[in-house]
Every structure is written in C-alpha cells, then in structure tokens.
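Close look at the chain arrangement
These are the residues of each chain, in order.
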Amino acid sequence: MGNAIIRKWSDKTYPGFEELKNYIESCQVIQYRNDEVHRDDDGNQVIWFKDAPGGDPSREMEVLLNVPKYRHFHNLMPAGTDPVTAFCQLMVLRYRSQLNLDNEFGTYLIRFHVWTDVYANKNEAQLSQQVMFSYSVGSNKEKFQTIICL
C-alpha cells in the first residue's frame, strides 16, 4: 500500500518555519470551499481538493490565490516558493487533523492532486508606480510532488 507522503526528508524544518506556522495559525489559515480537502492513501495516493461546481473546476483555488491573506502568507514563505507549493503548504497547515497529519513533524515530500498551471498576471496602471498581480489557474489538474513542512 502506498501513501500520499512519499518520503520524510528531515526531522527538522527550515529556520523560521515554527514561527511562521504559529503566526499563520494565529491568523486563521484560509479555508477551502466546504472544507473539501481529502487524503487518499489507497488509490491515487494523493492529497486532493474537490473541484468547484459548475463549468470551472479550478475556480476555488484561483479565488484563494487572489485573497489578501493568501498573498500575505505566500510573501512570508522562503524566497522562490511557487504559488502552488504555497497553496499546498497552507492547506496542509489548515487541514492537518483532517488529513491525518497530526503526528507528523519535519520536512516531507508529499504528493498532491492539484491544478499545477498558475499564471501571474501583472496589472500596471499607466503613469503609476503601483503594480498589482492577479493569479489565474489553468485547467491542468495532475499529480504534483512538493516539499512541505509540518
């Protein structure tokens, strides 16, 4: 039998993670629609997110990537953290118990089933120094392995 957790990399996390985790949890991590986050260790061996209803299944992830709280938390993560990894990290922190990760501590390689194509769109007002980024999510939902701290 497999597992959504592919490998434990270390008993430790990166410097500053505990403080970041405590801060994020004190601010109430963003919530996925109807708490539809699941862990499948038998079939696909992934952590997965329920598709949004209607014609745009990736809509829920796209909405979350564009809320101020997500942007704030993503900016506090290590430089170079991509939006999909940041999303997965936040969801694991939010749904740790629901995903049966309460007894896991350290750094892990985990497999998710998630929309992997995320585009940053730059909206720059003419004659202004203000730049705003918005994210859009493609339709490509697939298995995605990333390193997550718990």
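Note: the structure precedes this text.
Let me begin by describing the structure that accompanies this report. Everything quoted here is computed from the prediction, not taken from an experiment.

Basis of the calculations
Residues numbered from 1 in each chain as written. Predicted model: local features only at pLDDT ≥ 70, side-chain atom pairs only at ≥ 80, totals over all residues. Heavy atoms only, no water. Salt bridge = Lys/Arg side-chain N within 4 Å of Asp/Glu carboxyl O. Helix = DSSP H or I, 4+ residues; strand = E, 2+ residues; numbered from the N terminus. Contact = heavy atoms within 4.5 Å. Buried < 20%, exposed > 50% of the residue type's maximum accessible area, 1.4 Å probe, protein only. Arc of directions from axis to C-beta. Phe/Tyr/Trp six-rings, centres within 6.5 Å; stacked < 30°, edge-to-face > 60°. Lys NZ or Arg CZ within 6 Å of the ring centre and 35° of its normal. Axes fitted to C-alpha atoms, helices over the stretch in contact; angles between N-to-C directions. Parallel < 35°, antiparallel > 145°, perpendicular 65-115°, else oblique. Nonpolar A, V, L, I, M, F, W, Y, C, P; charged D, E, K, R; others polar. Core = buried A, V, L, I, M, F, W, Y, C linked by side-chain atoms within 4.5 Å.

Section: the pattern of salt bridges
Considering all chains together, one arrives at six salt bridges under this definition. Note that Lys 21 is salt-bridged to Glu 18, the shortest N-O span being 3.7 Å. Taken together, the positions of Lys 21 and Glu 18, both in helix H1 (residues 17–26) and three residues apart, correspond to about one turn of that helix.

A few points about the side chain of Ser 58
Examined against the element boundaries, Ser 58 turns out to sit in the loop between strand S3 (46–49) and helix H2 (59–65). In contact with Ser 58, other than residues within four places in its own chain, are Trp 115, Val 137 and Gly 138.

Details of helix H3 (residues 68–76)
Those residues of H3 not exposed but buried are Tyr 70, Arg 71, Phe 73 and His 74. The arc that holds every buried residue of H3, seen down its axis, measures 170 degrees, which confines them to one face. Exposed and facing more than 90 degrees away from the buried side of H3 are Pro 68 and Asn 75.

Some thoughts on the packing of aromatic side chains
Taken as a whole and judged by the stated rule, the model has seven aromatic pairs. Taken together, a centroid distance of 5.4 Å and an interplanar angle of 70 degrees make the contact between Tyr 14 and Phe 17 edge-to-face. Seen from their ring centres, Tyr 23 and Phe 73 are 6.4 Å apart, and the 85 degrees between their planes marks the pair as edge-to-face. One end of the pair, Tyr 23, is in helix H1; the other, Phe 73, is in helix H3, and 50 residues separate them in sequence. Members of the aromatic cluster, joined through ring pairs, are Tyr 32, Phe 49, Phe 87 and Phe 112. Residue placement shows Arg 7 over the ring face of Trp 9; its charged tip is 4.1 Å from the ring centre.

Looking at the packing of H1 against H3
Look at H1 against H3: their axes get within 11 Å of each other, and the N-to-C directions meet at 170 degrees. If you check the angle between H1 and H3, you find them roughly antiparallel. For the pair formed by H1 and H3, the contact residues are Leu 20, Tyr 23 and Ile 24 on the first element and His 72, Phe 73 and Leu 76 on the second. Its residues placed into classes, the contact of H1 with H3 shows five nonpolar, one polar and no charged.

A few points about the nonpolar core
Core analysis: the biggest nonpolar cluster contains 39 residues, and Tyr 32, Ile 47, Phe 49, Phe 87 and Phe 112 have the highest contact counts within it. Of all the secondary structure elements, the ones that give two or more residues to this core are H1, S3, H2, H3, helix H4 (83–94), strand S4 (107–115), strand S6 (131–137) and strand S7 (141–149). A per-element tally of this core places H4 first, with eight residues. The residues contacting Phe 87, other than those within four sequence positions of it, are Tyr 32, Phe 49, Met 61, Leu 64, Leu 65, Tyr 70 and Val 114.

The values reported here are purely geometric and, on their own, carry no functional implication.
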